[in-house]
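Coordinates in review
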Amino acid sequence: MTKKSNSMVIVVGASAGGMAALKTLVAQLPKGFAAPIFIVNHMSADNSGEALVKALSESSPLACVQAHDEHAFKPGGIYLAPPDQHMLLEKGKILITKGARENRSRPAIDPLFRSAAVAYGNRVIGITLTGYLDDGTSGMMAIKRCGGVCIAQDPEDASYPDMPQSVIANVGADHCLPVSGMGALLSDLLRRELPESKEVPEDIMIEAEIAKRVLSDLPSVEALGEQVPYNCPDCGGVLWQKEEGSILRYRCHTGHAFTSSVLLAQQNEKIEETLWVALRMFEERQNLLVTMSKNENKTAASSISQRAKDSQVHIDRIRAMLKATDHDSHGKEAR
């Protein structure tokens with residue numbers, strides 16, 4: 001049994017290279033477009049977001065605004081997540097929350113996608129565009145599990161292919177194509193009939209509620225997975241591991257969430273920070289020992305000089321590790 005695909009919603013996630021891709025996307029949408037479009041584009045907390053609003057407004061005949069809490073939306077509107085806040089959907093309105101970062105981002109893509117899946121089920125069309133790592137993959141899986149449609153930008157068309165590649169590999173895109181072809185596809189999807197909606201899985205509802213409440217709690221995360229011997233790199237709390245197909249995800253009880261790729265990247269950053277602190281301390285120690293050796297008698301000076309030389313051994317080792325970290329970082333950027 002089918003029903004008309006009215007009241008559809010379109011959710012879009014983008015990161016690095018996102019402005020150009022989003023401009024190309026919205027430029028294809030005609031005046032009178034029959035669905036609202038909600039966009040999360042990763043940005044720094046001090047970014048006002050005005051440049052993106054202006055760029056999309058100039059590229060599209062549709063009205064483009066930055067969303068606010070309790071914002072009622074309508075078909076044909078483009079709604080952008082504000083900086084340093086998550087954008088979530090409920091039936092007929094937008095919620096803006098200051099919840100914990102997910103995948104090191106706020107706004108993050110997963111909370112938007114997940115909330116849309118809970119509120120609108122099989123009436124959701126999710127789109128993942130260019131970006132690093134894999135924010136949006138878990139949210140897209142929620143959309144698929146609730147009967148929605150998954151669209152991924154062709155990785156060869158993406159400035160940074162990580163995000164669409166992750167969706168294709170771990171979720172399975174219903175449609176994979178360049179951004180330039182998405183306008184026609186969306187218009188076609190809005191004319192199609194949909195199957196009956198599916199029941200929302202409990203784990204998706206729990207995670208959507210965590211984002212909505214801003215803070216998590218122990219019973220919620222314990223219902224999602226098993227506690228593991230890792231610490232949250234954002235708050236130091238214990239992490240729980242959740243398996244979603246081939247994806248491993250982690251949550252702490254305060255609400256921070258990571259995919260395994262993002263958690264590893266965050267750990268690498270913390271290791272590098274620690275190495276720089278250690279390097280500074282060893283260099284300061286060596287400089288102090290050299291200064292001390294100049295004011296001591298010959299026997300004491302010889303012992304202090306040897307300790308300074310020992311410090312140089314540690315300094316050289318730390319520098320080698322930092323060079324290796326820098327090499328890995330450049331390798332990541334080159335991919």
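First, a word on scope: everything that follows refers to the structure included in this document. (Residues numbered from 1 in each chain as written. Predicted model: local features only at pLDDT ≥ 70, side-chain atom pairs only at ≥ 80, totals over all residues. Heavy atoms only, no water.)

1. Focus on the sheet that holds strand E8 (residues 93–97)
Spatial strand order, E5-E8-E7: three strands in an open sheet with antiparallel pairing. Bordering the open sheet on either side are strand E5 (71–72) and strand E7 (86–90), each of which pairs with just one other strand. Across two bridges, E5 lies against E8 in antiparallel orientation. Bridged to His 71 within E8 is Ile 94. (Pairing = 2+ DSSP bridges. Helix = DSSP H or I, 4+ residues; strand = E, 2+ residues; numbered from the N terminus.)

2. Comments concerning the pairing of strand E10 (residues 149–153)
Taking burial as the measure, the five residues of E10 include five buried ones, the bulk of the element. A two-sided burial pattern is seen for E10, the buried positions comprising Val 149, Ile 151 and Gln 153 on one face and Cys 150 and Ala 152 on the other. Relative to E10, strand E9 (residues 124–128) is paired through four bridges, and the arrangement is parallel. The residue bridging Ile 125 from the neighbouring strand is Val 149, located in E10. Viewed along the sheet, the connection from E9 through helix H4 (residues 137–145) into E10 turns out right-handed. Bridge analysis of E10 against strand E11 (residues 175–177) gives three bridges, and the strand direction is parallel. Looking at E11, one finds that Ala 152 is bridged to Cys 176. (Buried < 20%, exposed > 50% of the residue type's maximum accessible area, 1.4 Å probe, protein only. Right-handed = clockwise from strand over helix to strand, strands pointing away.)

3. Details of the side chain of Glu 102
Along the polypeptide, Glu 102 turns up in the loop between E8 and helix H3 (109–120). For Glu 102, a relative accessible area of 3% translates into the label buried. Within the structure, Glu 102 has its side chain in polar contact with the side chain of Arg 251 (distance 3.1 Å). The contact partners of Glu 102, leaving out residues within four places of it in the chain, are His 86, Ala 108, Asp 110, Pro 111, Arg 114, Arg 249, Arg 251 and Ala 257. (Polar contact = N/O pair within 3.5 Å; in protein donor to acceptor, adjacent residues only side chain to side chain. Contact = heavy atoms within 4.5 Å.)

4. Focus: the pairing of E8
Burial of E8 is extensive: four of the five residues sit out of reach of the surface. In this sheet, E8 lies alongside E7 in antiparallel orientation, the contact comprising five bridges. Residue pairing for E8: Glu 90 is matched across the bridge by Lys 93. Where E7 folds back onto E8 in an antiparallel hairpin, the turn is made up of two residues, including Gly 92, whose phi is positive at roughly 80°.

5. A word on H3
In this model, H3 (twelve residues) spans 16 Å end to end at C-alpha, consistent with the 16 Å of a helix rising 1.5 Å per residue. A large share of H3 lies buried, amounting to eleven of its twelve residues. What H3 keeps buried is the set Ile 109, Asp 110, Pro 111, Leu 112, Phe 113, Arg 114, Ser 115, Ala 116, Ala 117, Ala 119 and Tyr 120. Looking one or two residues beyond H3, the residue adopting positive phi is Gly 121, at roughly 50°. (Expected span 1.5 Å × (residues − 1).)

6. So, the packing of aromatic side chains
Overall, the coordinates contain six aromatic pairs when judged by the stated rule. An aromatic cluster of three or more residues is present, and its members are Phe 38, Phe 73, Tyr 79 and Tyr 120. (Phe/Tyr/Trp six-rings, centres within 6.5 Å; stacked < 30°, edge-to-face > 60°.)

7. Some details on the pattern of salt bridges
Two side chains carrying opposite charge are able to pair once their charged atoms lie near each other. A full pass over the atoms with the stated rule returns 22 salt bridges. Asp 84 is the partner of Lys 98 in a salt bridge, and the nearest nitrogen-oxygen pair spans 2.3 Å. On the criterion of sequence distance, the pair formed by Lys 98 in the loop between E8 and H3 and Asp 84 in the loop between strand E6 (77–80) and E7 is long-range, its members being 14 residues apart. For Lys 98, a relative accessible area of 46% translates into the label partly exposed. Here Asp 84 falls in the buried class, since its relative accessible area comes to 13%. In this structure, Glu 90 and Lys 212 form a salt bridge, with 3.0 Å as the shortest nitrogen-oxygen distance. With Glu 90 in strand E7 and Lys 212 in helix H7 (residues 202–213), the pair connects residues that are 122 residues apart, well separated along the chain. Note on Glu 90: relative accessible area 22%, which makes it partly exposed. Among the charged side chains, a network of salt bridges with common partners joins Glu 102, Arg 114, Arg 145, Asp 203, Glu 207, Lys 242, Glu 244, Arg 249 and Arg 251. (Salt bridge = Lys/Arg side-chain N within 4 Å of Asp/Glu carboxyl O.)

8. A word on the sheet that holds strand E13 (residues 226–231)
Taken in spatial order, the four strands line up as E13-E14-E15-E16 in an open sheet, and their pairing is antiparallel. This sheet does not close on itself; its edge strands, each paired only once, are E13 and strand E16 (257–259). Looking at each pair of strands side by side, their axes are set apart by 35° on average, direction ignored. Inspection of the sheet shows E13 paired to strand E14 (residues 238–244) by four bridges, in the antiparallel sense. Bridging from a neighbouring strand, Asn 231 pairs with Val 238 of E14. (Axes fitted to C-alpha atoms, helices over the stretch in contact; angles between N-to-C directions.)

9. Here we look at the environment of Arg 123
Relative to the assigned elements, Arg 123 resides in the loop between H3 and E9. Among the residues examined, Arg 123 registers a relative accessible area of 18% and is labelled buried. A C-alpha to C-alpha distance of 22 Å links Arg 123 and Asn 41, two positions 82 residues apart in sequence.

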